[in-house]
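# Overview (structure and organization)
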Amino acid sequence: MNNKEKTSPFTPGNPVPIELFVGRLDKINELVRYVGQSSSGKQENVFLVGERGIGKSSLASFLRYYVSTKKNMLGIHVFLGRVSTMEEMVRHIFDEILKEAKTQTWYENIAQLFGNRIRQVGLFDISVTFAPPERDLRELVRDFPAALNNLLQKLKEERAGLFIALDDIDALVDNAEFANWYKSFADDIATHYEKFPVFIMLVGLHEKRDILSNIQPSLMRIFRVIEIEKLTDEEVRTFMSQAFGKADVKVEPEAMEWMVDSSSGLPVMMHEIGDATFWADTDGVIDKDDAVTGLLAAAENIGQKYLTPQVYRAIRSQRYMAILRKFGKRKQFISRYFRKRELEVKLTAEEKRVLNNFLRRMKDLGVIESDIEGGVGAYRFVNDMYPVYIWLESTRFERR
Ligand SMILES: Nc1ncnc2c1ncn2[C@@H]1O[C@H](COP(=O)(O)OP(=O)(O)OP(=O)(O)O)[C@@H](O)[C@H]1O
Ligand SMILES: [Mg+2]
């Protein structure tokens, strides 16, 4: 196959396309149950939590697809990356609703609700955007339940309800107004509406959930929490064979096991490793050599893309690398939890002298934290990705 014509089936850094989505069956079943509750009129709120890169957005995107096609909901997935005000939030929500509706035959039914605040964008009026003045936005923030309810009335014949996933809510949650606004929103619905078929899912990191509960403790009673974790090796294997299969590339069993094992159940790793291996291959068959070359290239990409420059530099510095390598040469031995004492016995006298400094630095950088439950001298890596990355780096180091 000519390299120029190859297209990689992997999507490192973006939500996975529906046809390559794997795993999460139990979570999907649970979520679909709650969505079902809401389409019968009971408004539901879910907080989807998980570490960075564990697959939250992919799950939200899969769920939106599923409820739109199978449950007849109007589904939107809103990315609020840099949004920090309620006004911008509601604008994004209605903008997505409008864009989604635009693809439907009943678009005109709801377009009138938006009045003359719809702007046609692009050639041939293909796309629409919701661009009301600030004053209207403030009103929508205040009367959000009533606005959604009017929309639902118009949609009654067409859709069973509304599915809203609010993703990348970091900046929004940092604004204390959000927690209070959400609480009033939920209370308002509970007291004023008999039927309100709306499912809302916030998508974020654990810390963001903690912030919300500190600002508005009673808010936490409103949310059902769904947490996602690593994939199983079996799920990673399924993903790899489907992805390579889609690109018409064969994978030798030994290479497959190498990629599955190195991915360590982490979706980010699985895509980076798959992608780098895909590009390392030149003959349409992935053998062990391709997989090893791929893994080393993936380590480089992961270091640069997912670690902050400070962490990246610290982990790769000679001084610390010597200690980090002692965590274990085989991946199986690298655990997310470790004890200072157990690490210390593996170090040379010189390495021992920098150990305290090393631990402090890793803590400051947010790579490790004290493991309270483990007692004095017990630590854990903040993210599952760190120990896997450290193992990758030491593998690279050994090969050099
Ligand atoms: N269930 C899955 N099946 C296949 N690939 C997945 C799955 N979940 C996630 N991925 C892939 O893993 C990577 C991270 O996924 P995603 O962006 O959904 O994670 P996230 O938790 O939203 O990350 P962030 O915290 O950065 O927002 C992406 O490359 C995505 O394509
Ligand atoms: Mg995400």
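Residues numbered from 1 in each chain as written. Chains lettered and ligands numbered in written order. Predicted model: local features only at pLDDT ≥ 70, side-chain atom pairs only at ≥ 80, totals over all residues. Heavy atoms only, no water.

## Notes on the packing of aromatic side chains
Put simply, the test is: The criterion for an aromatic pair is that two Phe, Tyr or Trp rings (for Trp, the six-membered ring) have centres within 6.5 Å, with stacked assigned to planes under 30 degrees apart, edge-to-face to planes over 60 apart and tilted to the rest. To qualify as a helix, a DSSP run of H or I must reach at least 4 residues; to qualify as a strand, a run of E must reach at least 2; elements of each kind are numbered from the N terminus. The buried label applies to any residue whose accessible area, calculated with a 1.4 Å probe on protein chains only, is under 20% of its type's maximum; exposed applies above 50%, and partly exposed to all values in between. The criterion is that NZ of a Lys, or CZ of an Arg, lies within 6 Å of the ring centre and within 35 degrees of the ring normal, and then a charge sits over that ring.
Following the criterion strictly, the structure yields 20 aromatic pairs and no others. Between tryptophan 181 and phenylalanine 185, the aromatic rings sit 5.6 Å apart at their centres with planes inclined by 5°, giving stacked as the arrangement. With a gap of four residues between them, tryptophan 181 and phenylalanine 185 both fall in helix α8 (residues 176-192), about one helical turn apart. The exposure class of phenylalanine 185 is buried, given its relative accessible area of 3%. Here a set of aromatic residues connected by ring pairs shows up, and it is made of Phe47, Phe94, Phe130, Phe144, Phe178, Trp181, Tyr182, Phe185 and Phe223. Just above the ring of phenylalanine 278 sits the side chain of lysine 6; from NZ or CZ to the centre is 4.3 Å. Stacked on the ring of tyrosine 34, the Lys or Arg arginine 224 has its end atom at 4.2 Å from the ring centre.

## Observations concerning the site of ligand 1
Selection rule: Distances are taken per atom, and a residue is near a molecule or strand as soon as one of its heavy atoms is within 4 Å of it. We define a polar contact as two N or O atoms separated by no more than 3.5 Å, with the added condition that, inside protein, one atom must be a possible hydrogen donor and the other a possible acceptor, whereas residues neighbouring each other in sequence contribute only through side-chain atom pairs. Per-residue and other accessible areas were derived by the Shrake-Rupley procedure at a 1.4 Å probe size, with only the shown protein chains allowed to occlude residues. The classification used treats Ala, Val, Leu, Ile, Met, Phe, Trp, Tyr, Cys and Pro as nonpolar, Asp, Glu, Lys and Arg as charged, and all other residues, Gly among them, as polar.
Close to ligand 1 lie 23 residues, the nearest being Thr11, Asn14, Val22, Lys56 and Ser58. Separating an oxygen atom of ligand 1 from a backbone N or O atom of serine 57 is a distance of 2.8 Å. Side-chain polar atom of serine 58 to an oxygen atom of ligand 1: 2.7 Å apart, as the coordinates give it. Protein chains shield 90% of the accessible area of ligand 1, which is 630 Å² for the free molecule. Going through the elements one at a time, α2 (56-70) and α12 (267-280) are the ones with two or more residues in the shell around ligand 1. The biggest single contributor to the shell around ligand 1 is α12, with four residues. Considered class by class, the residues forming the shell around ligand 1 number 11 nonpolar, eight polar and four charged.

## As for the sheet that holds strand β10 (residues 337-339)
To keep things clear, this is the line we draw: Strand pairing is assigned whenever DSSP detects at least two bridges linking the two strands. Note on geometry: axes are lines fitted to C-alpha atoms, helical ones only across the stretch in contact, with angles between N-to-C directions running from 0 to 180 degrees. What makes two residues a contact is simply this: any of their non-hydrogen atoms within 4.5 Å.
Strand order in the open sheet made by the three strands is β10-β12-β11, with antiparallel pairing throughout. The sheet terminates laterally at β10 and β11 (368-370), the two strands that pair on one side only. In this sheet, neighbouring strand axes are inclined to one another by 35° on average, regardless of whether the strands run parallel or antiparallel. With three bridges joining them, β10 and strand β12 (residues 378-381) adopt antiparallel strand pairing. If you follow arginine 339 over to β12, its bridge partner there is alanine 378. The strands that helix α17 (residues 349-364) touches are β10, β11 and β12; relative to β11, the one it contacts most, it runs at about 105°.

Shape descriptors only; they carry no functional weight alone.
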